[in-house]
Amino acid sequence: MSTALFGSLQSGILYALMALGVYLSFRILDFPDLTVDGSFVTGGAVAASMIVSGVHPVYATLSAIVAGFIAGCITGILHTKGKINPLLSGILMMIALYSINLRIMGRANVPLLNEETLFTKLASFWENSAIANVFSVEWAILFTMTLITFVVKFLVDTFLKTEIGLAIRATGDNKRMIRSLSANTDWLIILGLGISNALVALSGAFVAQYSGFTDIGMGIGMIVIGLASVIIGEALFGTKTIVRTTLAVIGGAIIYRIVVALALRVEFLETGDMKLITAVIVIFALVAPKVLDNFKEKRRRKQRHARQLANNQKDGERLA
């Protein structure tokens, strides 16, 4: 049980970067970007292919970020310059990326088990350190990925507070208003989608190196997983500030993985039911807050009604 929870914590941190990317597109830009399912694989495909070719893992990971950024920008261009519906432009780019990813990899699956990755380098460094006997390599990976994730979170928070970041947030809130202030909303949307998919591709590159392979189908359902992480995080931790919301998204990604791990331990559920579990979690995360709000509203109405009856009764007693 503890091993499953620890593994869920690790994978939750790895996928938290993807969830941050989904948060930028869906919540900040209010753009239903389905490019995520393709750009996640693009990040893994670029990183894996370059590592197999002998490129240093750091450079391969940075290249994956650039590839994801380009994919997101193209989606933005299709929408802003091609005047294509946001949902459709994301679907078109996702379909195109399937073939592009196959071209990058040259096949449907690229193994990395015998290659030098960021995690194998970290493992070799950790094993030669003085505290290797105190903490295992798995703890070192968890600590390192947590540090990287929170550094990225800090950079995202800082960017969203800059002039450009505020303009992107305003574009998502009210495009017509920010356009009246002579802001180029097309450029802001393109930039925002580029950054969003760069984070998604970074997550894909980390997952591929951690898993030891990249597969053409590894991105299926990523957009749903990202949305589940965002919705769960917002429902549990709130959205009062940007800093709190991005932290909530990271927490949501971890909690989602823990819930999935616990659900898979139920006897009648199998590994193949993971997509069904994801759908149920998303439905619950969407419906539960509304049910709670309705319950609280009904309770407030009853309290107001009770106070009103009590006041009317007091007024009647005074008149009598």
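Everything below is about the structure printed above this text.
A.B. asks: Can you walk me through the overall build of the protein chain in this structure?
C.D. replies: Looking only at helices and strands, the protein chain has 12 helices and two strands in total. Of the regular secondary structure in the protein chain, the N- to C-terminal order runs α-α-α-α-β-α-α-α-α-α-β-α-α-α. Taken along the three principal axes of its C-alpha coordinates, the protein chain extends 95 × 55 × 40 Å. By residue count, 46% of the 320 residues in the protein chain fall in the buried class.

A.B. asks: Teacher, can you tell me more about a nonpolar patch on the surface here?
C.D. replies: Together, Phe143, Leu147, Val151, Phe154 and Leu155 give the surface a local cluster of nonpolar side chains, amounting to about 550 Å² of exposed area. Within the secondary structure layout, Phe154 lies in helix H6 (residues 137–160).

A.B. asks: Just checking my understanding: could you explain helix H10 (residues 222–237) for this structure?
C.D. replies: Turn by turn, an α-helix covers 3.6 residues, leaving residues three or four places apart pointing in a common direction. The end-to-end C-alpha separation of H10 is 22 Å, in line with the 22 Å expected for 16 residues at 1.5 Å each. Within H10, burial applies to Met222, Ile223, Ile225, Gly226, Ala228, Ser229, Val230, Ile231, Ile232, Gly233 and Glu234. Just downstream of H10 lies Gly238, where phi reads positive at about 90°.

A.B. asks: It is not clear to me how unusual backbone geometry should be interpreted in this structure. Could you clarify?
C.D. replies: One can expect most non-glycine residues to show negative phi and most peptide bonds to be in trans. The residue Asp30 is not glycine, and still its phi comes out positive at about 55°. Positive phi is not limited to glycine here, since Lys83 has a value of about 55°. Taking relative accessible area as the criterion, Lys83 reaches 67% and is therefore assigned exposed.

A.B. asks: How do you make sense of the side chain of Ser89 when you look at a structure like this?
C.D. replies: Looking at the element boundaries, Ser89 is found in helix H4 (residues 86–105). Residue Ser89 is classed as buried on the basis of its relative accessible area of 0%. Those residues in contact with Ser89 that sit more than four places away from it in its chain are Phe31, Thr75, Leu78, His79 and Ile84.

A.B. asks: What is the right way to look at the environment of Gly165 in this model?
C.D. replies: Here Gly165 shows up in helix H7 (residues 163–173). Between the alpha carbons of Gly165 and Gly204 there is a distance of 24 Å; along the sequence they are 39 residues apart. Residue contacts for Gly165: discarding those within four places in its chain leaves Phe159 and Leu160.

A.B. asks: I would appreciate a short explanation of the nonpolar core in the present structure.
C.D. replies: Grouped burial of nonpolar side chains is what soluble globular proteins tend to show. Ranked by size, the top nonpolar core spans 68 residues in total, and within it Met18 and Phe40 carry the most contacts. Discounting residues that sit within four places of it in the chain, Met18 has contacts with Val36, Phe40, Leu199, Val200, Ser203, Met222, Ile225 and Gly226. Grouped together as the second largest cluster of nonpolar side chains are five residues, Val46, Ala47, Ala64 and Ala205 included.

A.B. asks: Could you clarify how one ought to interpret the side chain of Thr42 in this entry?
C.D. replies: Summarising the element assignment, Thr42 is placed in helix H2 (residues 36–52). Discounting chain neighbours no more than four positions away, the residues touching Thr42 are Ala67, Leu97 and Asn101.

A.B. asks: What exactly am I supposed to notice about the pattern of salt bridges here?
C.D. replies: For side chains bearing opposite charge, pairing can occur when the charged atoms are close. For the structure shown, the criterion picks out seven salt bridges. As a salt-bridge pair, Arg301 and Glu297 come within 3.5 Å of each other at their nearest N and O atoms. Note that Arg301 and Glu297 are positioned in helix H12 (residues 274–319) at a spacing of four residues, about one turn of the helix. On the basis of relative accessible area, Glu297 is assigned to the partly exposed category, the value being 26%. One salt-bridge network, held together by shared partners, links Glu297, Arg300, Arg301 and Arg304.

A.B. asks: Quick question: what am I supposed to make of the packing of aromatic side chains here?
C.D. replies: Given two aromatic rings, their pairing is described by the distance between the two centres and the angle made by the two planes. A full pass over the atoms with the stated rule returns three aromatic pairs. Between Phe119 and Phe206, the aromatic rings sit 6.4 Å apart at their centres with planes inclined by 70°, giving edge-to-face as the arrangement. With a gap of 87 residues between them, Phe119 in helix H5 (residues 118–127) and Phe206 in helix H9 (residues 185–211) connect regions that are remote in the sequence. Classification of Phe119 by relative accessible area gives buried; the value is 8%. Ring centres of Phe119 and Tyr210 lie 5.5 Å apart, and the angle between their planes is 75°; this geometry places the pair in the edge-to-face category. Here Phe119 is found in helix H5, whereas its partner Tyr210 is found in helix H9, with 91 residues between them in sequence. Taken together, the ring pairs in this structure connect Phe119, Phe206 and Tyr210 into an aromatic cluster.

A.B. asks: I tried to follow the environment of Val207 on my own but got confused; where do I start?
C.D. replies: As for its placement among the helices and strands, Val207 is situated in helix H9. Relative accessible area serves as the criterion here: at 4%, Val207 is assigned to the buried category. Val207 has contacts with Leu14, Tyr15, Phe40 and Met218, leaving out every residue within four places of it along the chain.

A.B. asks: Could you clarify how one ought to interpret the environment of Glu267 in this entry?
C.D. replies: Along the polypeptide, Glu267 turns up in the loop between helix H11 (242–264) and H12. Owing to a relative accessible area of 80%, Glu267 belongs among the exposed residues under this scheme. Expressed as a C-alpha distance, the spacing of Glu267 and Ala205, which sit 62 residues apart in the sequence, is 33 Å.

So, how was this worked out
- Residues numbered from 1 in each chain as written.
- Predicted model: local features only at pLDDT ≥ 70, side-chain atom pairs only at ≥ 80, totals over all residues.
- Heavy atoms only, no water.
- Helix = DSSP H or I, 4+ residues; strand = E, 2+ residues; numbered from the N terminus.
- Buried < 20%, exposed > 50% of the residue type's maximum accessible area, 1.4 Å probe, protein only.
- Patch = residues over 30% accessible without salt bridge, like charges linked within 9 Å, V, L, I, M, F, W, Y side chains within 5 Å.
- Areas by Shrake-Rupley, 256 points an atom, 1.4 Å probe, with all protein chains shown as cover.
- Salt bridge = Lys/Arg side-chain N within 4 Å of Asp/Glu carboxyl O.
- Expected span 1.5 Å × (residues − 1).
- Contact = heavy atoms within 4.5 Å.
- Core = buried A, V, L, I, M, F, W, Y, C linked by side-chain atoms within 4.5 Å.
- Phe/Tyr/Trp six-rings, centres within 6.5 Å; stacked < 30°, edge-to-face > 60°.

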